[in-house]
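Structure assessment
If you want the building blocks of each chain, they are given just below.
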Amino acid sequence: MSATAVRVRRRKTAGLGLVAWLAGILFFLPVAWMALTSFHSEQDAATSPPSFAAALTLDGYREFFGTGGGASPWPALVNSTVASVVSTLCVLLLALPAAYALSIRPVRKWTDVLFFFLSTKMLPAVAGLLPVYLFAKNAGLLDNVWLLVILYTSMNLPIAVWMMQSFLAEVPVAVIEAARMDGARLPTILARVVAPIALPGIAATGLICFIFSWNELLFARVLTGVVAETAPVFLTGFITSQGLFLAKVCAASLVISLPVLAAGFAAQDKLVQGLSLGAVK
């Protein structure tokens, strides 16, 4: 490679790196703005234009955690944790054998099956809200966190099967055949052969399902009240028609976002590996 070509390649790499940094900063600015606003008083947060040199305070976080006499956020955080974690585990347990049947041991017209799974996500969520509400009301499941577990499992299962099918397609068939010749049954093959090999893809799928469940608002808002209230629903209670609430909402949003950010940071290696599986054939 000539010196000119090397210089051109370095310039292109530097240009792409600069664009990536600019895009990262652009996406990070709203989060940084929210974090800064959460440490301002309500009066300073409501000023226009905003003041960067305003005094910092923890009043927004005190209001969120109920130290000023407001409602405690812990029941809502616990409900969100239970609904998100349990539904994600259920999705993974159901999606793994389904993806195995569609990739390693494919059924007839498996592409049509995958399209059917994805077609269930094409229906607007609000279109199914009334039937689900009537079912929950007649079954006595309103304001019940286990209803959210069932809903989140059914809502995330199609996308989980679609993702894990591409991940499991990368598992060598020879390894599975060797395990079968040694007498291993299907549950053993899934747990001890397929799952360890496809662990990055499973982790990526689980993280995405957890994020979808944690952030879901529409069904939680309509189907829960006080007992099964989730964190996003609790957050909307800070928005009122009277008074200032911007700093309090920013503080609450930052706290509620921390579990998702922590999970993404902890599983970032597995997430990158999982999402890149099957990218290069």
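Scroll up a little and you will see the structure.
Quick caveat: nothing in here was measured; it's all calculated off a predicted structure. (Residues numbered from 1 in each chain as written. Predicted model: local features only at pLDDT ≥ 70, side-chain atom pairs only at ≥ 80, totals over all residues. Heavy atoms only, no water.)

**A closer look at the packing of aromatic side chains**
A complete count under the given rule lists seven aromatic pairs for this structure. Both rings, one in Phe-64 and one in Phe-65, keep their centres 4.9 Å apart while their planes meet at 75°; by these two values the pair is edge-to-face. On the basis of relative accessibility, which here comes to 0%, the residue Phe-64 falls in the buried class. The class for Phe-65 is partly exposed, based on a relative accessible area of 28%. (Phe/Tyr/Trp six-rings, centres within 6.5 Å; stacked < 30°, edge-to-face > 60°. Buried < 20%, exposed > 50% of the residue type's maximum accessible area, 1.4 Å probe, protein only.)

**Thoughts on the environment of Ile-256**
With respect to the element layout, Ile-256 can be found in helix α13 (residues 246–266). A residue is classified by how much of its surface remains accessible, and Ile-256, at 7% relative accessible area, is buried. In this structure the C-alpha to C-alpha distance between Ile-256 and Asn-215, which are 41 residues apart in sequence, comes to 9.3 Å. Apart from the residues within four sequence positions on either side, Ile-256 is in contact with Phe-64, Leu-77, Trp-214, Ala-231 and Leu-235. (Helix = DSSP H or I, 4+ residues; strand = E, 2+ residues; numbered from the N terminus. Contact = heavy atoms within 4.5 Å.)

**A word on unusual backbone geometry**
Among all residues save glycine, negative phi is the norm, and among peptide bonds the norm is trans. Of note in the backbone geometry, Asp-143 takes a positive phi value of approximately 60° without being a glycine. Mapped onto the elements of the fold, Asp-143 is located in the loop between α6 (129–139) and α7 (145–168). Exposure remark for Asp-143: the relative accessible area of 23% places this residue in the partly exposed category.

**Remarks on the pattern of salt bridges**
Scanning all chains against the criterion turns up two salt bridges. Linking Arg-180 and Glu-177 is a salt bridge whose minimum nitrogen-to-oxygen distance equals 3.2 Å. Within this pair, Arg-180 and its partner Glu-177 are both found in helix α8 (residues 173–181), separated by three residues, close to a single helical turn. (Salt bridge = Lys/Arg side-chain N within 4 Å of Asp/Glu carboxyl O.)

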